[in-house]
Amino acid sequence: MAELASQPTSVQTIYSWYRDSKLQVNRRYQRKLVWTLEEKQKLIDSLIRKYPIPAVLLAERADSAGIYEIIDGLQRLHSIVSFIEHGFPDAEGKKFNVEDFTTAKLNADKFVIDEKATYINSKDVSTILDYVLPVSIMRNATDSEIADVFDRINTYGHRLSDQERRQAGVETEFSKFVRDISCEIRGDVSQNLVNLFDMPAISINLPKSKHGYAVEAEDVFWVNQGVLRSTDLRDSLDEQCVADIAATAISAEPIDRSKEALDQIYDKTNDESARIEAALGAYGVKKLSDEFKFCIAEIAKITDAAGRKLRSIIFSKNTTNAYPSVFAVIFTAIHELIIKDGLRIADYKGMASSLGNIVDRLETGRKATSPDERRKNIDAVKGLIISRFYKPKTDGIINDIYNDHSVVDIDNIIRRSMVELPNYELKQGIVRLDSKDRTIDNRAIDRIINTICGIANIGPQSSGKIVIGVSDQERHTEKIVEIDNIKPVSVNNRDVVGVYREAKALNISNEAYLKAIRDRISNSKLSDGLKNDVLSNIDMNEYFGLGIIIITVPPQKEVSSVGDEVYFRSGNQTEKASPKSVAEIAKRF
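From a predicted model like this one, the values you see are computed outputs, not experimental measurements.

Draft legend 1. Seen up close, the sheet that holds strand β18 (residues 538-541). Pairing is mixed across the open sheet formed by four strands, whose spatial order is β13-β14-β19-β18. A single partner strand is all that each edge strand has here, and the edge strands are β13 (424-427) and β18. Recorded for the sheet is a direction-independent mean angle of 15 degrees between the axes of neighbouring strands. Running at roughly 160 degrees to strand β14 (residues 464-468), helix α20 (residues 442-456) makes contact with β13, β14 and β19 (548-553) of the sheet.

Below you can see the structure in the form of C-alpha cells.
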C-alpha cells in the first residue's frame, strides 16, 4: 500500500529533477499540455509574489526509486521549467535570466537563447528558484493506486469537458481504444512513460497560443480537414468523435448521437457499457484500430487528390463551423463499403466530386441524431459514392488494411523518432544524390544494416524502426526536389521524399528496389536470428504516391552483431562497440 509523504521542494531542485529525467508523465492518463500563455504567466507571477499555489502530487514506484511520476501538477511543473528555459516571457515580456542560474546555463545549448530579449532581475530569479513548492509523494505506489488517485483528482475541483470527464472516470477496453486511436490520429503518440522535458515534442500548438510545441493543430487531421476547431482538441472533442464512430462501427446499427448515449457507454454499471465492451471484444481492438486508420488515410487521399479540404468539398457555402456529425456519417459510409462490402476506392478525385456539396442532400437537423435518421444519411452517402469503388479480384487482393503500416502509423513513427532517438532512424534513401551518378550507395545500405544491429542491442524488451524515404536535412530535401522533381510531404519538420523516385532513377520497378534492400540484408553478416526477424518485417507503403519502406527491428534475446562487429545506439547515432562496451551491452540481455 502506498504511503503519502509531504516533501516541500524548491524550484531549483525541481529543475534538477527535470533535467536528470526524474520527472515522468504517464501518457495513459495525461496526454496534453493545455495551459494558455496567460495561465502560465499568472503562475510565474505568483511565484515572484510568493503567493501560494496548489500542491503537486508525485508517485514513486517501489522498483523506481528517485523517479517521480506526475499525478497532479503537470501544467504547473512544465510551465515553471519552460519559463526557465525561455519557453515564454512573463506578463511584462521579460524572460528568465539563465546567467543567474548555473544549472540552466549549463543546459542552454538544449534550448533557444534570445540575445535581444529583456530579462527579469536577479532578485526575481532568486525568488523563483528558492520558491518551495508544496509537493506530496506517494511512495511504493502501484499502477492501480496511481490510476485510482488520478481518476479521483480529475473528477472534482476542475471543470472537465464531457469527454474528459468520461475518460477520467473509467478504464475499459473501449475507453482505452478511444484514447489510443485518438492519440495516433492527433500525432502525439509515444511510449507510456515520457520524460517531462520530452512533452513539448509530442504536444499540440494552438494557432493563437504558440508555445513551441512540435505538433501544429493545423496539421492534425481533425483541424486540417475542418472537422473540428483547433480549440476543440483541448476539450477532447476529437476523442468524443472517435467514440461515436467506433461505437457505431462495432454495433449492428448506428448509436444515438447524444451526450446521454455516450455517458451510458462509459458508465460501467450500465447495460450499454457491457454491450459495447462485448461487441469490441468480439470485433477485435487491433482490427478496429487498423480499419480506423485506413479509412482516415483514404479520406486524406481523397482531399489530396482534389487539392481541397473536406470542409470545402462537402459544403456548398463557405463555413468555419465544425461538423463532427456529418463527418461521422461520411466515415461510416466509407468504412462499410470498404470493410463490409470488401470494396476499394478506384477514383479518389472522382470521390471528391461525388462528395461535393453533399451536406445539402443530408438531414442535418435535430432529428438527424437518431439511429434511424443516421442510417438514412449513411445509406444516402453510400449511394452517391459507390460508383467510385471497385471490387478487387479475390485471388489478387493484397491485405492492405491489417498487415502494412498505415499513413497514420508512418506519420507517428516520424514524430516518435524525434523523441525516442535510439529506437528510430530516418533515411532519405540509398541512391547517391548526384544528378550525374544515380547509383546505389552501398555504404548507405551498410549503415542501415549496422543500425539494425544497434537498435537490436538496445535491450531484450526494446524494438525499433528504420524508415527509408524521409529526409531530416533541408539541404537534402532541396537537392531531391531539384533532381527528382517531387513534392515532399512535411511531417513535424521532417520531409517525406519517398523511394519511388529512387526506383525511377535506377530504372527499376518499386518491387525490384525493395528486393535490392532485402537481398543486401539477407546476404549480410547480421546475426541469423535478427536477420530472419527483420526480413519478415519489411513493409512498403505507397504514402501519397511517394513510397516509404519501414524496417521493423523486433526485440532480441541476445547480443546481435554484424560479423565480428557489435554496434549500439548512442542517441540517434549508430556506433561500433569497443570490447568494454560489448561487455556492457551483454549485461542487458
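Back to the text.
Draft legend 2. Quick peek at the environment of Val-189. Relative to the elements of secondary structure, Val-189 occurs in the loop between α8 (173-186) and β8 (193-195). With a relative accessible area of 14%, Val-189 lands in the buried category.

Draft legend 3. How the structure looks around the packing of aromatic side chains. Applying the stated criterion across every chain, the model contains 16 aromatic pairs. Here the aromatic rings of Tyr-15 and Tyr-18 are separated by 5.7 Å at their centres, their planes lie at 45 degrees, and the arrangement is tilted. Here the residue Tyr-15 and the residue Tyr-18 both occupy positions in helix α1 (residues 11-19), the gap between them amounting to three residues, near one helical turn. Across the pair, Tyr-18 and Tyr-15 agree in class, each one buried. Taken together, the aromatic side chains of Tyr-15, Tyr-18, Phe-83, Phe-88, Phe-96, Phe-101 and Phe-197 make up a single cluster linked through ring pairs.

Draft legend 4. Here's a closer look at empty space enclosed by the protein. With the rule as written, the count across this model stands at two cavities of 30 Å³ or more. Estimates place the volume of the largest cavity at around 40 Å³. Contributing to the lining of the largest cavity are Asp-244, Ile-245, Thr-248, Ala-328, Val-329, Thr-332, Arg-374 and Ile-378. Broken down by secondary-structure element, the contributors of at least two residues to the lining of the largest cavity are α11 (237-249), α16 (324-340) and α18 (371-385). Approximately 30 Å³ is the volume attributed to the second largest cavity. In terms of lining residues, the second largest cavity is bounded by Leu-33, Val-34, Trp-35, Lys-40, Gln-75, His-78, Ser-79 and Tyr-213. Classifying every residue of the lining of the second largest cavity gives four nonpolar, three polar and one charged.

Draft legend 5. Broad picture of the pairing of β14. Where burial is concerned, most of β14 is hidden: five out of the five residues are buried. Judged by which residues are buried, β14 turns out to be covered on both faces: Gly-464, Ile-466 and Ile-468 on one side and Lys-465 and Val-467 on the other are all buried. Viewed along the sheet, the connection from β13 through α20 into β14 turns out right-handed. For β14 and β19, the ladder comprises five bridges, and the chain directions are antiparallel. By the bridge assignment, Ile-468 is partnered in β19 with Ile-549.

Draft legend 6. Main features of the pattern of salt bridges. Summed over all chains, the structure comprises 42 salt bridges. Glu-39 serves as the salt-bridge partner of Arg-234, at 3.5 Å between the closest nitrogen and oxygen. Here Glu-39 lies in helix α2 (residues 37-48) and Arg-234 lies in helix α10 (residues 230-234), a separation of 195 residues in the sequence. The class of Glu-39 is partly exposed, set by a relative accessible area of 30%. Among the salt bridges present, the one from Lys-286 reaches Asp-290, with a minimum N-O distance of 2.6 Å. One end of the pair is Lys-286 and the other is Asp-290, both in helix α14 (residues 285-306) and four residues apart, which spans about a single turn. Owing to a relative accessible area of 54%, Lys-286 belongs among the exposed residues under this scheme. Connected via shared salt-bridge partners are Glu-253, Glu-336, Lys-340, Arg-375, Asp-379 and Lys-382.

About the cut-offs
- Residues numbered from 1 in each chain as written.
- Predicted model: local features only at pLDDT ≥ 70, side-chain atom pairs only at ≥ 80, totals over all residues.
- Heavy atoms only, no water.
- Pairing = 2+ DSSP bridges.
- Helix = DSSP H or I, 4+ residues; strand = E, 2+ residues; numbered from the N terminus.
- Axes fitted to C-alpha atoms, helices over the stretch in contact; angles between N-to-C directions.
- Contact = heavy atoms within 4.5 Å.
- Buried < 20%, exposed > 50% of the residue type's maximum accessible area, 1.4 Å probe, protein only.
- Phe/Tyr/Trp six-rings, centres within 6.5 Å; stacked < 30°, edge-to-face > 60°.
- 1 Å grid on protein atoms, 1.4 Å probe; cavity = no way out; pocket = protein on both sides within 12 Å on 5 of 7 lines; lining within 4 Å.
- Points joined across faces, edges and corners; volume = space filled by probe spheres on them.
- Nonpolar A, V, L, I, M, F, W, Y, C, P; charged D, E, K, R; others polar.
- Right-handed = clockwise from strand over helix to strand, strands pointing away.
- Salt bridge = Lys/Arg side-chain N within 4 Å of Asp/Glu carboxyl O.

Without other data, these values stay purely geometric and don't point to any function.
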